[in-house]
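A look at the structure
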Amino acid sequence: MRAIARDFSFALRTLRKSPVFALTAIATIALGIGATTAIFSIVNAVLLRPLPYGNRDRLAFVTSDLTARGVSDFWVPPGDLADLRREVTAFDEAAMVNTFQFPLEDERGEAQMIRVASATTNLLRTLGVNVMLGRDFVPEEGTPLPPPPETPPGVQPAPPPPVVAILTHEFWQRQFGADRGVVGNTVRLGNASVHIVGVLEPGVRLHWFESANIESQPDMFFPLRVDFETASRINAIGRIVARLRPGATFAQAQEQVNALVTELRERFPIKETAGVRWRVEPMHPYLVATTRQPILTLMGAVLFVLLIACANVANLLLVRTSQRGRELAVRSALGGSRGSLVRQMLVESLVIAGAGALAGVALASGGIDLLRVIGPRNLPRLDQVSLDPAVLGFAVTAAVLSALAFGILPALRASRVDVADILRTGGRSGGLAGMGRWLRTGVVTAAVALAFVLLIGSGLMMRSFATLVRAEPGYDPAGLLTFNVGNTFEPAPEARDAAKRRLRDALGAIPGVTGVTAVGGLPLEGSSGSARWGPEEALNNPALFQQADTRVVLPGYFEVLRTRLLDGRVFTDADNTLNQTQVVVDDVFAAKAFPGVSAVGKQFVARVTGDQPTPWQIIGVVRHQRNTSLSADGRETIYFVNGTFGFGGGNTWVLRTNGEPARLAPAARAAVREVNARYLVNTVRPMTDLVDAARGPTRFALVCIGIFAVVAAVLASVGLYGVLATVVRQRTAEIGVRMAFGATGASVFRMVVSQGLRLSAIGVGVGLVGAFALTRVMRSMLVGVSPTDPVTFAGITALFLGVAALACWLPARRAARLDPLVALREE
């Protein structure tokens with residue numbers, strides 16, 4: 001131990017005498033470790049950290065696919081849950097949940113929108129979540145309430161019994177000041193009384209896959225009051241999570257689920273014609289299924305950066321070792337063994353790596369803050385990314401492995417000194433051939449190859465992002481302000497219609513507003529409805545039914561969003577009536593339903609409300625709006641005017657403005673309050689935010705890989721510059737002789753540049769092979785571009801060779817300007 005302590009002390013003194021070398025090496029390795037640690041923090045939070053549920057290893061999503069209609073991850077009807085609980089014995093619990101927003105009134109009558117989860121009474125037990133105060137739901141609280149008794153005329157009916165609820169810990173602290181006496185109290189939720197029976201432990205989240213549209217952080221849980229034995233087999237209302245029985249496997253559960261679905265398809269023909277299939281997906285793997293590959297790709301990319309940083313530090317150490325030849329020879333002559341020389345050099349590498357790790361962790365802390373800001377919305381648990389002990393342990397491990405990676409070759413090379421030769425030449429090396437020339441050039445070539453692969457990946461992501469920027473969403477998002485208006489409780493359809501008219505008039509009177517409309521769910525928000533539709537023949541042949549998105553809109557919707565009318569007409573105020581049977585469809589629907597002919601005036605059947613499909617007539621065809629993604633068209637859409645279903649939908653308002661939309665947010669809030677002080681305005685945002693969010697995953701990957709590629713290219717260029725600068729320095733006498741015999745500066749310049757470009761060309765060649773193989777893993781991240789896109793490969797090759805030529809230029813310029821007389825005196 002004393003020997004190692006002496007080695008550390010000597011390493012610190014030696015590095016202190018060479019501050020430029022030390023700072024350069026530490027900064028280089030800090031970049032690599034910092035970037036790698038930042039990305040690993042995402043890997044740890046999203047892929048490695050267990051879900052915060054007591055039964056996490058036994059939890060599974062049970063999700064439905066309508067294979068005949070091309071629909072994945074569909075909701076499940078409540079009636080099917082009863083069969084699942086009864087027939088699938090591999091599960092000991094199965095729960096259903098849905099989430100939504102609702103207005104909460106306090107004792108002063110002031111309201112706010114809160115996030116609510118409506119779930120079966122066993123949801124918390126299924127997940128393994130604990131109640132900190134009070135109690136969990138009991139089964140009786142999930143049974144439907146009996147109908148209220150008839151009251152004689154003139155007698156005030158008794159108020160309905162309060163609904164029970166459990167608060168999340170965060171909402172309990174925020175709304176009730178962590179008052180432990182809140183359990184047993186009653187609050188107002190909309191027009192209902194809510195009796196609080198419990199408070200959850202801190203940090204409870206509903207972790208669901210993105211397309212489930214389940215709110216991850218509810219404020220309050222309610223029991224879902226449904227008689228599942230008699231509930232609908234058609235109206236899909238919830239998402240199912242189940243818990244394996246001890247000793248059961250997911251494969252056994254899937255086998256039993258398959259048998260159940262086969263039985264259900266025989267009992268309910270509509271399930272057969274829809275091609276219903278259920279999948280049992282282990283919770284954590286399925287939760288990260290869409291993000292695993294991009295995250296691992298980013299981790300691979302940043303590891304390339306760390307390897308390039310190690311290569312650069314290894315080159316620095318090789319150069320420094322050649323400069324320390326006399327010192328090493330003296331130590332060897334005085335009895336220093338080869339093992340002691342290797343140990344000393346590795347200790348110096350550990351000191352460099354340790355200092356780099358400390359600086360890298362500081363860089364990673366800032367990088368994590370940046371990742372939280374630019375991270376896409378579909379990245380699970382992004383808010384929980386942090387420098388926790390696991391991440392710090394990774395940084396330490398990365399530092400040790402980096403020290404070995406960049407220190408072992410210089411250490412081994414230094415231990416093989418030729419004492420007699422070095423002492424005879426006074427410590428001067430005969431060139432790189434004497435102290436690892438091939439090692440240095442090989443390391444630089446590898447760094448060039450790695451950097452080139454990263455640049456190719458960055459180029460592909462840039463092409464993908466450009467495709468998304470050019471993608472036509474089906475409307476013009478510029479100048480649109482959107483917000484939700486809640487607490488609009490009017491008892492009758494006529495009152496709801498009048499309220500919407502007053503809101504439209506008040507919002508339209510705001511200076512700078514040029515158009516007003518409302519919709520039941522914004523495009524790209526992923527919140528549209530769904531319905532099955534088909535030709536009239538589908539009534540006798542259900543196999544003809546297909547699935548479409550549905551959207552409830554106020555007249556003026558298409559004009560305000562500037563969605564192009566292709567045929568017929570759009571809704572007017574005269575159409576906005578109860579039980580309207582006329583609809584507008586998009587061009588995707590029209591092409592499917594009536595190919596080659598005008599769809600205007602045609603009829604089809606669709607099941608929207610009720611148990612059976614009903615006829616609808618098309619009055620217009622509009623341009624398709626992308627509902628869930630800019631990278632794919634998605635399903636066809638049917639538009640219903642707001643009055644069709646009693647004026648209850650369409651509470652997301654959209655204002656077309658002639659300026660910056662966000663500036664009108666205060667005026668919009670004031671206008672809504674003037675109509676009704678109880679109305680709540682929330683989720684205020686420009687429409688461009690939704691478009692930006694849809695580009696989020698690609699932009700996130702582009703920014704990360706782009707930063708890594710730039711850093712890698714700079715490090716590789718610096719490494720290439722270092723090799724050539726060393727070549728020029730160690731071949732100064734040779735260059736002097738060449739020039740003395742008539743070589744011109746231009747020929748010397750070409751000699752040095754050609755040597756550097758040969759190294760670069762070899763690295764690019766190796767990188768091309770690697771890029772062709774490795775960029776295929778990026779396929780799921782790319783939009784509108786092939787992983788082997790020739791334009792990207794050609795462009796990046798030309799760009800990288802240009803950067804390499806620039807790195808060669810400086811040492812070549814120095815060599816070309818050497819004075820032969822001065823150069824000949826170097827030896």
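Okay, so let's go over this structure. (Residues numbered from 1 in each chain as written. Predicted model: local features only at pLDDT ≥ 70, side-chain atom pairs only at ≥ 80, totals over all residues. Heavy atoms only, no water.)

Turning our eyes to something else, we now look at helix H3 (residues 78-87). In terms of burial, H3 is a largely internal element, seven of the 10 residues being buried. Taken residue by residue, H3 has Pro78, Gly79, Asp80, Leu81, Ala82, Asp83 and Leu84 as its buried positions. Against strand S1 (59-66), strand S3 (91-105), strand S10 (239-244), helix H6 (250-267), helix H7 (269-274) and strand S11 (276-282) lie the buried residues of H3. (Buried < 20%, exposed > 50% of the residue type's maximum accessible area, 1.4 Å probe, protein only. Helix = DSSP H or I, 4+ residues; strand = E, 2+ residues; numbered from the N terminus. Contact = heavy atoms within 4.5 Å.)

Counted according to the given criterion, the structure contains 34 salt bridges. We note a salt bridge from aspartate 497 to arginine 501, for which the minimum N-O separation is 3.3 Å. Of the two residues, aspartate 497 and arginine 501 both sit in helix H15 (residues 493-508), four residues apart, roughly one turn of that helix. Overall, aspartate 497 belongs to the buried group, its relative accessible area being 14%. (Salt bridge = Lys/Arg side-chain N within 4 Å of Asp/Glu carboxyl O.)

Moving on to H6. For an α-helix the count is 3.6 residues per turn, leaving residues at separations of three or four pointing the same way. Over its 18 residues, H6 runs 25 Å from end to end, which matches the ideal 26 Å to within 8%, given 1.5 Å per residue. Considering only its buried residues, H6 is in contact with H3, S3, S10, H7 and S11. (Expected span 1.5 Å × (residues − 1).)

We now examine unusual backbone geometry. Even without glycine at this site, alanine 178 takes up a positive phi of about 60°. Relative to the helices and strands, alanine 178 is located in the loop between helix H5 (169-176) and strand S7 (186-189). Residue classification places alanine 178 among the partly exposed positions, given a relative accessible area of 31%. At asparagine 213, a position not held by glycine, the phi torsion is positive, near 55°. Residue classification places asparagine 213 among the partly exposed residues on the basis of a relative accessible area of 42%.

Within S11, five of the seven residues are buried, which leaves the element mostly enclosed by the surrounding structure. Pairing between S1 and S11: seven bridges, direction antiparallel. Residue pairing in the sheet places leucine 66 in a bridge with valine 276 of S11. (Pairing = 2+ DSSP bridges.)

The grouping of Ile4, Phe8, Leu350, Val396, Val400, Leu401 and Leu404 at the surface amounts to a nonpolar patch, some 570 Å² of accessible area in total. At four residues, helix H12 (residues 389-414) tops the list of elements feeding residues into the nonpolar patch. Positionally, valine 396 belongs in helix H12. Taking the relative accessible area as the measure of exposure, valine 396 reaches 52% and is therefore exposed. (Patch = residues over 30% accessible without salt bridge, like charges linked within 9 Å, V, L, I, M, F, W, Y side chains within 5 Å. Areas by Shrake-Rupley, 256 points an atom, 1.4 Å probe, with all protein chains shown as cover.)

It is worth spelling out the packing of H3 against H6 at this point. Contact geometry of H3 with H6 gives a least axis separation of 10 Å together with a crossing angle of 140°. Here H3 is positioned oblique relative to H6, judged by the angle of their axes. Seen along the crossing, H3 lies across H6 with a hand that is right-handed. Two secondary-structure elements touch here, H3 through Asp80, Asp83, Leu84 and Glu87 and H6 through Gln256, Val257, Leu260, Leu264 and Arg267. The class makeup of the residues in the contact of H3 with H6 is four nonpolar, one polar and four charged. (Axes fitted to C-alpha atoms, helices over the stretch in contact; angles between N-to-C directions. Parallel < 35°, antiparallel > 145°, perpendicular 65-115°, else oblique. Left-handed = near helix turned anticlockwise from the far one by under 90°. Nonpolar A, V, L, I, M, F, W, Y, C, P; charged D, E, K, R; others polar.)

Once that is clear, we can look at the environment of valine 723. Inspection of the secondary structure puts valine 723 in helix H20 (residues 696-730). Looking at valine 723, the relative accessible area reads 0%, which means it is buried. With 36 residues separating them along the chain, valine 723 and leucine 759 place their C-alpha atoms 10.0 Å apart.

Let's shift gears to the nonpolar core. Formed by 126 residues in total, the largest nonpolar core has its most connected members in Leu123, Leu127, Leu206, Trp208, Phe221, Phe406 and Phe708. In terms of residues, this core owes the most to one element, helix H9 (residues 289-323), which gives 15 residues. When neighbours within four sequence positions are excluded, tryptophan 208 is seen to be in contact with Phe61, Val97, Ile214, Arg239, Ile240, Val241 and Leu287. Membership of the second largest hydrophobic core comes to 30 residues, among which are Leu66, Phe74, Ala253 and Val257. (Core = buried A, V, L, I, M, F, W, Y, C linked by side-chain atoms within 4.5 Å.)

Attention shifts here to the packing of helix H22 (residues 745-774) against helix H23 (residues 790-816). Their axes nearest at 8 Å, the elements H22 and H23 cross at an angle of 150°. Between H22 and H23, the angle falls in the class roughly antiparallel. In this structure, H22 meets H23 at a crossing whose hand is right-handed. Broken down by class, the residue content of the contact of H22 with H23 amounts to 20 nonpolar, four polar and one charged.

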